[in-house]
Amino acid sequence: MSLTVGPVADRPARLVVLVSGTGTNLQALLDAAAEPAYGAQVVAVGSDRGDIEGLRRAERAGVPTFVHRVADHGARADWDRDVTATVRSYDPDLVVLAGFMKLLGAAFLGCFGGRVVNTHPALSPSFPGMRAPQDALDYGVRVTGATLFFVDDGVDAGPIVAQVSVPVLDGDDVETLHERIKTRERVMLVETVGRLVREGYRIDGRKVEIGP
Ligand code: GRF
């Protein structure tokens, strides 16, 4: 991937956020975006499932929502095309996957490649996949964390934008560890997404640089 994206100037950047669950990372973005100086607004929140707290957080903030369930589509590629079309209708500057538990496909990446970030609760390239905090515990690492990366066609494998570390403490279970990760993950997400849209960025292979 090789791409230069300029800063969004003279207007708030448009963020579309995709979620599948509780949405505390989404909430951190909604709270930040309430400040004009943040330079971005959440223009829509989408999900692959209904009846989740993430969608209710968006509704409480007055942000439009949409749901596309894989099971309602004949083929996975049809789902991917529908998600792509709906996201495109909101004309996003950046798409943020914040606890979105589905892999997006060729149509989506063809349309938004280099403009989609995902947050993952591990220090990439360790522990890709859905069970990262449990995998870190099982492996016995003493430090783990969270990674913000540009989505490519791999699993949690795209160019890294930012990382934060947290200790694994004696007595941790998956809940205590994941909560410790998420506390730092939310700060990283808000800070880094804000910088990406306010300052612009360049992706050159695996290297990402924020700013001019
Ligand atoms: C985050 O740790 C994210 O990295 C992972 O799922 C969690 C979502 O948390 N994929 P929340 O829904 O934002 O509270």
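Look up: the structure comes first, before these words.
Quick caveat, the model's predicted, so the values are computed rather than measured.

Looking at the ligand, the residues that line it are Thr-22, Gly-23, Thr-24, Asn-25, Gly-99, Thr-119, His-120, Pro-121, His-178, Lys-182 and Glu-185. Contact between the ligand and Asn-25: an oxygen atom at 2.8 Å from a side-chain N or O atom of the residue. In this structure, an oxygen atom belonging to the ligand sits 2.7 Å away from a side-chain N or O atom of Lys-182. Considered on its own, the ligand offers 370 Å² of accessible surface; in the complex 90% of this is hidden by protein. Applying the majority rule of atoms within 2 Å of the grid points places the ligand in the largest pocket.

So, on to the packing of helix 1 (residues 24–33) against helix 2 (residues 53–60). Contact pair helix 1 / helix 2: the axes reach a minimum separation of 9 Å and the direction vectors enclose 15 degrees. By the angle between their axes, helix 1 is roughly parallel relative to helix 2. As helix 1 packs across helix 2, the resulting crossing turns out to be right-handed. Side by side, helix 1 and helix 2 meet where Thr-24, Leu-26, Gln-27 and Leu-30 of the first sit next to Gly-54, Arg-57 and Ala-58 of the second. Within the contact of helix 1 with helix 2, the residues separate by chemical class into three nonpolar, three polar and one charged.

The next thing to look at is the pattern of salt bridges. Applying the stated rule across the entire model yields 14 salt bridges. For Arg-81, the salt bridge identified is with Asp-78, shortest N-O distance 2.7 Å. In this pair, Arg-81 and Asp-78 both sit in helix 3 (residues 76–89), three residues apart, roughly one turn of the helix. Judged by its relative accessible area of 31%, Asp-78 is partly exposed. Salt bridges sharing partners connect three or more residues here, namely Asp-51, Glu-53, Arg-56 and Arg-60.

What follows concerns the layout of surface pockets. In this model, the largest pocket occupies a volume close to 770 Å³. Around the largest pocket, the lining is made up of 35 residues, and of these Gly-99, Phe-100, Met-101, Thr-119 and Pro-121 lie nearest the centre. Those elements that provide at least two residues to the lining of the largest pocket are helix 1, strand 6 (116–120) and helix 6 (174–199). Of the residues forming the lining of the largest pocket, the biggest block, six residues, is contributed by helix 6. Considering only residue class, the lining of the largest pocket consists of 14 nonpolar, 12 polar and nine charged.

One open sheet holds the seven strands; their spatial order is 4-3-2-5-6-7-8, and the pairing between them is mixed. Looking at the sheet topology across the chains shown, the edges are occupied by strand 4 (65–67) and strand 8 (160–167). Each strand of the sheet is rotated relative to its neighbour by a mean of 20 degrees, with strand direction disregarded. Bridge analysis of strand 7 (residues 143–150) against strand 8 gives seven bridges, and the strand direction is antiparallel. Bridging from a neighbouring strand, Gly-145 pairs with Ser-165 of strand 8. Against the sheet, helix 3 engages strand 2 (13–19), strand 4 and strand 5 (94–97), with an angle of about 150 degrees to strand 2.

What counts and what doesn't
By convention here, each chain's residues receive numbers from 1 onward along its written sequence. Given that the model is predicted, a residue must reach a pLDDT of at least 70 before its local features are reported, and side-chain atom pairs must reach 80 or more before they are shown or counted; all residues, however, enter totals for whole chains, interfaces and linings. Values reported for side chains reflect all heavy atoms of the structure, with hydrogen atoms and water molecules removed beforehand. Any residue with a non-hydrogen atom lying within 4 Å of a molecule or strand is treated as near it. In protein, a polar contact means a hydrogen-donor-capable atom and an acceptor-capable atom, both N or O and within 3.5 Å, with residues adjacent in sequence counting only if both atoms are side-chain atoms; elsewhere, any N or O pair within 3.5 Å suffices. In short, Shrake-Rupley with a 1.4 Å probe defines the accessible areas, and a residue's cover is counted only from the protein chains shown. Only protein atoms enter the 1 Å grid used here, on which a cavity is any set of points holding a 1.4 Å probe that cannot leave and a pocket is any open set flanked by protein within 12 Å on both sides along at least five of seven lines; residues with an atom within 4 Å of a point are listed as lining. Being in a pocket or cavity means that more than half of the molecule's atoms lie within 2 Å of its grid points. Interaxial angle, 0 to 180 degrees, is taken between N-to-C directions of lines fitted to C-alpha atoms, where a helix line uses only the stretch in contact. Segments assigned H or I by DSSP are reported as helices when at least four residues long, segments assigned E as strands when at least two residues long, and all are numbered from the N terminus. The cut-offs work like this: below 35 degrees is roughly parallel, past 145 is roughly antiparallel, 65 to 115 is roughly perpendicular, and the gaps in between are oblique. For any pair of crossing helices, the crossing counts as left-handed if the nearer helix is rotated counterclockwise from the farther one by less than a right angle, and right-handed if it is rotated clockwise. Contacts between residues were defined by any pair of non-hydrogen atoms, one from each residue, lying within 4.5 Å. Note that Gly is not counted as nonpolar here; it falls among the polar residues with everything else outside the nonpolar set of Ala, Val, Leu, Ile, Met, Phe, Trp, Tyr, Cys and Pro and the charged set of Asp, Glu, Lys and Arg. Any Lys or Arg side-chain nitrogen found within 4 Å of a carboxyl oxygen on Asp or Glu counts as a salt bridge. For every residue, the accessible area obtained with a 1.4 Å probe (protein chains only) is divided by the maximum for its type, and the residue is called buried under 20%, exposed over 50%, and partly exposed between those limits. Grid points are joined across faces, edges and corners, and a volume is the space filled by probe spheres set on the points. Note on pairing: two strands pair once DSSP finds at least 2 bridges between them.

Fair warning: the whole summary comes from geometry, so function is off the table for now.
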